[in-house]
Amino acid sequence: MRIRPEDYAIHNAMEDVVEQAVEKVLEEDKRACSCSMCQDDIKAQMLNRLQHRYHPLLTGQPKPPGLELEDLETGLFNKVMLECYKALQLVKVSPRHEHDRVELTNTTEAILGFAVSEILSNQKLFFERDDLSQLMAESLNGLEPAYKTTHKGDAFSRVAEMDPTYIAYVYSAIFHALKVLDLGSRRTS
Ligand SMILES: [Zn+2]
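Residues numbered from 1 in each chain as written. Predicted model: local features only at pLDDT ≥ 70, side-chain atom pairs only at ≥ 80, totals over all residues. Heavy atoms only, no water.

Comments concerning the overall build of the protein
Counting its regular elements, the protein contains seven helices and four strands. Walking the protein from its N terminus toward its C terminus, one meets helices and strands in the order β-α-α-β-α-β-α-α-β-α-α. Once the C-alpha set of the protein is aligned to its principal axes, its extents read approximately 60 × 35 × 25 Å. Only carbon and sulfur atoms are counted for the fraction: they give 53% of the accessible area of the protein, which is about 10,600 Å². The distance from the centre of the 22 positive side-chain charges to the centre of the 30 negative ones in the protein is 3 Å. (Helix = DSSP H or I, 4+ residues; strand = E, 2+ residues; numbered from the N terminus. Areas by Shrake-Rupley, 256 points an atom, 1.4 Å probe, with all protein chains shown as cover. Lys, Arg positive; Asp, Glu negative; His and termini not counted. Charge placed at Lys NZ, Arg CZ, Asp CG, Glu CD.)

What about the coordination of the zinc ion?
Taken together, the protein ligands of the zinc ion are Cys33 (SG), Cys35 (SG), Cys38 (SG) and His97 (ND1), with distances of 2.1 to 2.3 Å. Given four donor atoms and angles of 94 to 120° at the metal, the environment of the zinc ion is assigned as tetrahedral. Between consecutive donors of the zinc ion, the numbers of intervening residues give the motif C-x1-C-x2-C-x58-H. With Cys33 in the loop between helix H1 (14-28) and helix H2 (36-47) and His97 in the loop between helix H3 (74-93) and strand E3 (101-106), the pair connects residues that are 64 residues apart, well separated along the chain. Judged by its relative accessible area of 32%, Cys33 is partly exposed. (Donors = N, O, S within 2.8 Å, 3.2 Å for Na, K, Ca; no water. Tetrahedral: all angles 85-135°; square planar, octahedral: opposite > 155°, others 65-115°. Buried < 20%, exposed > 50% of the residue type's maximum accessible area, 1.4 Å probe, protein only.)

A few points about the side chain of Glu83
On the secondary structure map, Glu83 appears in helix H3. When near neighbours in sequence (up to four residues on either side) are disregarded, Glu83 contacts Met46, Arg49 and Leu50. (Contact = heavy atoms within 4.5 Å.)

Notes on the packing of aromatic side chains
Each aromatic ring pair is characterised by the separation of its centres together with the angle its planes make. Counted by the stated rule, this structure contains one aromatic pair. When the centroid spacing of 5.6 Å and the interplanar angle of 50° are considered together, the rings of Tyr166 and Tyr169 count as tilted. On the criterion of helical spacing, the pair formed by Tyr166 and Tyr169 is a turn pair, its members being three residues apart in helix H7 (residues 164-181). A relative accessible area of 18% means that Tyr166 is categorised as buried. (Phe/Tyr/Trp six-rings, centres within 6.5 Å; stacked < 30°, edge-to-face > 60°.)

Focus: the packing of helix H5 (residues 129-141) against H7
Put simply, H5 and H7 touch, their axes get as near as 8 Å, and they point 125° apart. Classified by the angle between their axes, H5 and H7 sit oblique to one another. In the crossing of H5 with H7, the sense of the turn from one axis to the other is right-handed. Side by side, H5 and H7 meet where Gln134, Leu135, Glu138 and Ser139 of the first sit next to Ala173, Ile174, Ala177, Leu178, Val180 and Leu181 of the second. In terms of residue class, the contact of H5 with H7 is built from seven nonpolar, two polar and one charged. (Axes fitted to C-alpha atoms, helices over the stretch in contact; angles between N-to-C directions. Parallel < 35°, antiparallel > 145°, perpendicular 65-115°, else oblique. Left-handed = near helix turned anticlockwise from the far one by under 90°. Nonpolar A, V, L, I, M, F, W, Y, C, P; charged D, E, K, R; others polar.)

What follows is the structure, given as structure tokens:
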């Protein structure tokens, strides 16, 4: 079973609050560039430093309301704002808005997709969409994020060069998620 991005649906709720924080900070700092590329660069830096919160979007269920910055508990709110100011400073000092760009994505998700495909084939497991969404979300919550906005170091070149320790780390997150979700028994034969 080869997994493609359209085969499942997940959302990182941390992206909601990061978006709101960036908007807030850019409103206060008029000297910073607020183009969509600089905004994505700030978001990428922040998302790589904050604990992500992926959840599956299940079929037939209403999309859960987004996470609100103002609703975060104080410790996390402060951390989000601190990371936002830090990321803004970095991007202000060296904006990269003229470079070759891709949409803001978590490249760990693509790598995970390859690894999950391989495990499902090897274990002769078949997952419906909702199972897959749950597995992807749970596994990603156990892995370091790697949000990117440039072509440099995109997932496809990285998989080939991936070091065995990293592959083992990805596999262990998947097996842990399979166990937690009790999905290990959905065999096709
Ligand atoms: Zn810009």
